[in-house]
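A structural walkthrough
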Amino acid sequence: MIFLKRLGAAFIGFVAIVTFLSIVFTAAYYATTWLFAQLYYTPSPLIQQLLTSIFGLLIVLITVGTIGFINHGRMEVWQDGLFGSIVDALGRIAQGDYSVRLDNPKMNGSGGKPVGMLVQSVNTLAQELNAMETMRQEFISNVSHEIQSPLTSIRGFAHALHDDNLDAADRAHYLNIIETESTRLSNLTENLLALASLDSESYTLDPKPYRLDVQLRDIVLACEPQWQAKQIEMNLASEPVTLAGDQDLLNQVWLNLIHNSIKFTPARGKICMALHTRDNAIEFCITDTGSGIAPADQARIFERFYKADASRERARGGSGLGLAIAKKIVEMHHGTIAVQSALGAGSTFTVSLPNQPN
Ligand code: ADP
C-alpha cells in the first residue's frame, strides 16, 4: 500500500517536472525566435537550438533558486521561533516552573514529525515533573503531620507531669500516652525507612523456597497476646505450601494484614485465614468480622498515609503505611493484593503470588 502511494507520488512529480520543463523550453523557443525577428537575423538551426537551451536553462535555474531562497527564509524564521520557544521552555523547567506547555505545531510538511515529537517530549517532561513535585509536597506534608501530632501530644503530657499535685493514676496514664506516642513515632520512622529502601532502585530481592504455611502459623502464634486479649477466634486453614520468595519481606506483608484484622475486629470477633495453591498461583486470604471499609475508601487504602477514618485511626496509632508497604512487597514478587469489604460486616484481603515451580 505504502509502496503504491510512493509510486503514485513519484509519477505525479515526474509529470509535473516534464510539464514545467516543456513550458519553460517552449517559452524559451518563442522568446529567442521573437528576439531574432527583432534583430532581422536568421541563425542556423544549431545556433537557434543552443541559444534556446541556454535561455531555457537560465529560466529553470532562476525559478528553482527563487523558490529555494523563499522557502529557506521561511524555514529559518519558523525554526528560530519554534526552537527558541523549546529552549525557553527547557530553561523554565530547569528553574522549577513545570506549568510550561508548548503548542504542538500542526506541521505542514517539512520535518514535521521529529519536531512534533520533540515538542511532545518537552510537554510530557513538564507534566511528569509536575506530578512528581505534587507527590513530593504531599509526602512531606503527610510526614510532617504524622510526626507533628505525636510530638504535640508528648510535649503536652510531659508538661502536665510537672504538676506536683498529680495523683498516681493520672501520672501513670500520662506516662502511658507518652510511651504509646513514642512507639508510634518509632514505628513511623521504621515504616518510612522500609518504604525508602524498597523504593530504591538498588533493592534486590532474596527469593528462596520456604514453607509459607509454617511462616503464617508462626506469625499467628506470635500475635496470640493481641488476639487473646480481645478474645478473637483465630482460624488458619492451610495445606503445606512452598513458596519461592523473600521470606523476611513477605513476613512484613502477613504481619501487616494480620495486625490490621486484629486491630479492626471488635472483641469476640472472628478472623479466618486460608492458604492454598490455585492454578499457577499461591493464594492467601484473611477475612475478619471487623468494622469493614466503605467502597470509596477501598480504592484508596493502599495509598501511602491513607486512613479510612483518620480521626479514629489516631487513637489506634496507625500511620496509613502498612498496606502501602504490603502492596509494594507483593508487587515486587509480581503478585496482587485486593480487598473486598462491606461497612460494618468485615473485610477480606486476598494476596495472590505466582507459584514458580522449583
Ligand atoms: P494503618 O497503619 O493506619 O493501619 P494501613 O495502611 O495498614 O494503615 O491501613 C490503611 C487503612 O485501611 C486503615 O487506616 C483502615 O482504615 C483501613 N483498613 C486496613 N485494614 C483493615 C481491616 N482489616 N478492616 C477495616 N479497615 C481496614
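Each remark here, short or long, concerns the structure printed above.
Residues numbered from 1 in each chain as written. Predicted model: local features only at pLDDT ≥ 70, side-chain atom pairs only at ≥ 80, totals over all residues. Heavy atoms only, no water.

Considerations on the packing of helix α7 (residues 247-264) against helix α10 (residues 322-332)
In contact at an axis separation of 9 Å, α7 and α10 are set at 145 degrees when each is read in the N-to-C sense. The handedness of the crossing between α7 and α10 is left-handed. Packed against α7, whose contacting residues are L249, L250, Q252, V253, N256, L257 and N260, the element α10 presents G322, L323, I325, A326, I329, V330 and M332 at the interface. Within the contact of α7 with α10, the residues separate by chemical class into 10 nonpolar, 4 polar and no charged. (Axes fitted to C-alpha atoms, helices over the stretch in contact; angles between N-to-C directions. Helix = DSSP H or I, 4+ residues; strand = E, 2+ residues; numbered from the N terminus. Left-handed = near helix turned anticlockwise from the far one by under 90°. Contact = heavy atoms within 4.5 Å. Nonpolar A, V, L, I, M, F, W, Y, C, P; charged D, E, K, R; others polar.)

Observations regarding the site of the ligand
The environment of the ligand is made up of 21 residues, and the closest members are N260, K263, D288, G320 and L323. One nitrogen or oxygen atom from the side chain of K263 is found 2.9 Å from an oxygen atom belonging to the ligand. The backbone of G322 places a nitrogen or oxygen atom 3.3 Å from an oxygen atom of the ligand. For the ligand, whose accessible area on its own is 540 Å², the fraction buried by protein is 96%. Secondary-structure elements contributing two or more residues to the shell around the ligand are α7, α10 and β7 (346-354). With 4 residues, α7 is the single largest residue contributor to the shell around the ligand. Among the residues forming the shell around the ligand, the class breakdown is 8 nonpolar, 9 polar and 4 charged. (Near = heavy atom within 4 Å. Polar contact = N/O pair within 3.5 Å; in protein donor to acceptor, adjacent residues only side chain to side chain. Areas by Shrake-Rupley, 256 points an atom, 1.4 Å probe, with all protein chains shown as cover.)

Considerations on the packing of aromatic side chains
In the structure shown here, the tally under the stated rule is 5 aromatic pairs. Consider the rings of F139 and F305, whose centres lie 5.6 Å apart with planes at 65 degrees: the pair is edge-to-face. Of this pair, F139 sits in helix α3 (residues 112-160) while F305 sits in the loop between α8 (295-298) and α9 (310-316), placing them 166 residues apart in sequence. (Phe/Tyr/Trp six-rings, centres within 6.5 Å; stacked < 30°, edge-to-face > 60°.)

Focus: the sheet that holds strand β2 (residues 233-238)
Read across the sheet, 5 strands follow the order β2-β4-β5-β7-β6 without closing on themselves; strand pairing throughout is mixed. Only two strands of the sheet have a single partner each, and these edge strands are β2 and β6 (336-342). The average undirected angle you get between the axes of adjacent strands in this sheet is 10 degrees. Pairing of strand β5 (residues 281-288) with β7 involves 8 bridges; the strand directions are antiparallel. Residue pairing for β7: D288 is matched across the bridge by S347. Against the sheet, helix α5 (residues 212-222) makes contact with β2, β4 (270-278) and β5, and its axis sits at roughly 170 degrees relative to β2, the strand it touches most. (Pairing = 2+ DSSP bridges.)

Topic: unusual backbone geometry
Positive phi outside glycine occurs at D279, with the angle close to 45 degrees. With respect to the helices and strands, the residue D279 is situated in the loop between β4 and β5. At H334, a residue that is not glycine, the phi angle is positive and equals roughly 65 degrees. Here H334 lies in the loop between α10 and β6. On the basis of relative accessible area, H334 is assigned to the exposed category, the value being 66%. (Buried < 20%, exposed > 50% of the residue type's maximum accessible area, 1.4 Å probe, protein only.)

Quick look at the packing of helix α4 (residues 168-199) against α10
It is the contact of α4 with α10, at a shortest axis distance of 10 Å, that shows an interaxial angle of 25 degrees. For the element pair α4 / α10, the angle class is roughly parallel. Regarding α4 and α10, the two cross each other, and that crossing is left-handed. On α10, the residues that touch N191, A194, L195, L198 and D199 of α4 are I325, K328, I329 and M332. Its residues placed into classes, the contact of α4 with α10 shows 6 nonpolar, 1 polar and 2 charged. (Parallel < 35°, antiparallel > 145°, perpendicular 65-115°, else oblique.)

Some remarks on the environment of P240
Inspection of the secondary structure puts P240 in the loop between β2 and β3 (242-245). P240 sits in the exposed class, given a relative accessible area of 61%. Apart from residues lying up to four places away in sequence, P240 is in contact with R211 and D213.

Things to note about α10
An α-helical segment advances 3.6 residues per turn. Residues three or four places apart therefore align on the same side. Among the residues making up α10, those that are buried are L323, A324, I325, A326, I329, V330 and M332. Tucked inside the fold, the buried residues of α10 contact α4, α7, β6 and β7.

Considering the pattern of salt bridges
Tallied over the entire structure, the rule returns 11 salt bridges. Across the salt bridge formed by D199 and K328, the nearest N and O atoms sit 3.3 Å from each other. Taken as a pair, D199 in helix α4 and K328 in helix α10 lie far apart in primary sequence, 129 residues in all. Among the residues examined, D199 registers a relative accessible area of 35% and is labelled partly exposed. With a shortest N-O distance of 3.1 Å, K208 and D206 are connected by a salt bridge. For D206, a relative accessible area of 41% gives the class partly exposed. Taken together, the shared-partner salt bridges in this structure form one network comprising D199, R304 and K328. (Salt bridge = Lys/Arg side-chain N within 4 Å of Asp/Glu carboxyl O.)

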